[in-house]
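# What the coordinates show
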Amino acid sequence: MNLDHVFVCGNPALDFAATLRARRSLRFEMFVSPDRLDAWFLESGIVDAISPAEQADVEEAKVLREAVYELVTARRLEEEFSARALDAVNGTARKPAAAPQLTHSGRWTEATPGEALSTIARQAVELLSGPDVPLLKECGNPQCTRIYVDRSRGVRRQWCGMDSCGNKIKAAAYRARKKSGQAAASH
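Parameters at a glance
- Residues numbered from 1 in each chain as written.
- Predicted model: local features only at pLDDT ≥ 70, side-chain atom pairs only at ≥ 80, totals over all residues.
- Heavy atoms only, no water.
- Helix = DSSP H or I, 4+ residues; strand = E, 2+ residues; numbered from the N terminus.
- Buried < 20%, exposed > 50% of the residue type's maximum accessible area, 1.4 Å probe, protein only.
- Contact = heavy atoms within 4.5 Å.
- Areas by Shrake-Rupley, 256 points an atom, 1.4 Å probe, with all protein chains shown as cover.
- Expected span 1.5 Å × (residues − 1).
- Core = buried A, V, L, I, M, F, W, Y, C linked by side-chain atoms within 4.5 Å.
- Polar contact = N/O pair within 3.5 Å; in protein donor to acceptor, adjacent residues only side chain to side chain.
- Salt bridge = Lys/Arg side-chain N within 4 Å of Asp/Glu carboxyl O.
- Disulfide = S-S within 2.5 Å.

Tallying secondary structure elements over the protein gives six helices and eight strands in all. Shown N-terminal to C-terminal, the secondary structure of the protein runs as helices and strands in the order α-β-β-α-β-α-α-β-β-β-α-β-β-α. Within the protein, buried positions represent 42% of all 187 residues. Excluding contacts between residues fewer than 6 apart, the proportion of contacts in the protein whose partners are at least 24 apart in sequence is 56%. For the protein, the computed accessible surface area is about 10,400 Å², with 54% contributed by carbon and sulfur atoms.

What follows deals with helix α4 (residues 83–94). The terminal C-alpha atoms of α4, which comprises 12 residues, lie 16 Å apart, in line with the 16 Å expected from a rise of 1.5 Å per residue. At its buried positions, α4 is contacted by α3 (55–76) and α5 (113–128).

With that out of the way, let us pick up α3. A rise of 1.5 Å per residue sets the reference length of α3, with its 22 residues, at 32 Å; its end C-alpha atoms lie 31 Å apart and thus fit the reference within 8%. Every buried residue of α3 is accounted for by Asp 57, Val 58, Ala 61, Leu 64, Arg 65, Ala 67, Val 68, Tyr 69, Leu 71, Val 72, Thr 73 and Ala 74. Looking at the residues trailing α3, positive phi occurs at Glu 78, about 60°.

The biggest cluster of nonpolar side chains holds 45 residues, and the ones touching the most others in it are Phe 16, Phe 41 and Ile 120. With sequence-adjacent residues up to four places away left out, Phe 16 is seen in contact with Phe 31, Leu 37, Trp 40, Ala 61, Leu 64, Arg 65, Leu 117 and Ile 120.

A few words now on the environment of Arg 151. Structurally, Arg 151 is set in the loop between β8 (147–149) and α6 (162–185). C-alpha separation for the pair Arg 151 and Leu 135, spaced 16 residues apart in sequence, amounts to 6.9 Å. Excluding anything up to four places from it in sequence, Arg 151 contacts Gly 10, Asp 132 and Leu 135. For Arg 151, the side chain forms a polar contact with the main-chain oxygen of Gly 10, separated by 3.4 Å.

A word on the pattern of salt bridges. Scanning all chains against the criterion turns up nine salt bridges. A salt bridge links Arg 65 to Glu 29; the nearest nitrogen and oxygen atoms lie 2.7 Å apart. Residue Arg 65 is located in helix α3, and its partner Glu 29 is located in strand β2 (residues 28–29); the two are separated by 36 residues in the primary sequence. Look at Arg 65 and you get buried, because its relative accessible area is 2%. One salt bridge in this structure joins Lys 137 and Asp 150, with 2.7 Å as the shortest N-O distance.

Take Ser 152: it is sitting in the loop between β8 and α6. Note on Ser 152: relative accessible area 25%, which makes it partly exposed. For the pair Ser 152 and Leu 135, spaced 17 residues apart in the sequence, the C-alpha separation amounts to 9.4 Å. At 2.6 Å, the side chain of Ser 152 and the side chain of Asp 150 are in polar contact.

Moving on to the state of the cysteines. One pass over the structure, following the stated rule, counts zero disulfides. Left unpaired, Cys 165 is separated from the closest cysteine sulfur, that of Cys 160, by 3.7 Å.

Along the polypeptide, Thr 92 turns up in helix α4. Residue Thr 92 is classed as buried on the basis of its relative accessible area of 8%. Discounting chain neighbours no more than four positions away, the residues touching Thr 92 are Leu 64, Leu 117, Ser 118 and Ala 121.

What follows is the structure in structure tokens.
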């Protein structure tokens, strides 16, 4: 599986929750080291600079990630929130968050891993209590477990992203149709 971080979900909290890929099958972990967590924070645009994470930060990130995923899934399915997941997200959101600063060249946000996690938790709170809740969808690829915000016209998007899932599913369907067409023609 590709080790690149992917940002296709339409919200940083959802992209964060998607860092455990293929939850129902392979369970591919993106946060295998503190460096990978730091890279996610920077690549996501949540911060411009991050103090180096430690293994304890990775474990805290995984707890938050699973809580966000659980809450998003519950909200999407119109189920009750678990108290444990609520406590994890709300507890992290109460901590100091990354604070953007204005510089001569624009905005600059420097943070600790804890501040970055608080920022993500706050984004999850806003997402799950805001107007985008009806737009939450799970990717149509059965191997993918990303949840995304569907802002497409008519809210008819089926995939988390065309590059990551849509093209693969469409190509597989085309090959299956072609194969079944060839099998029918040979009879």
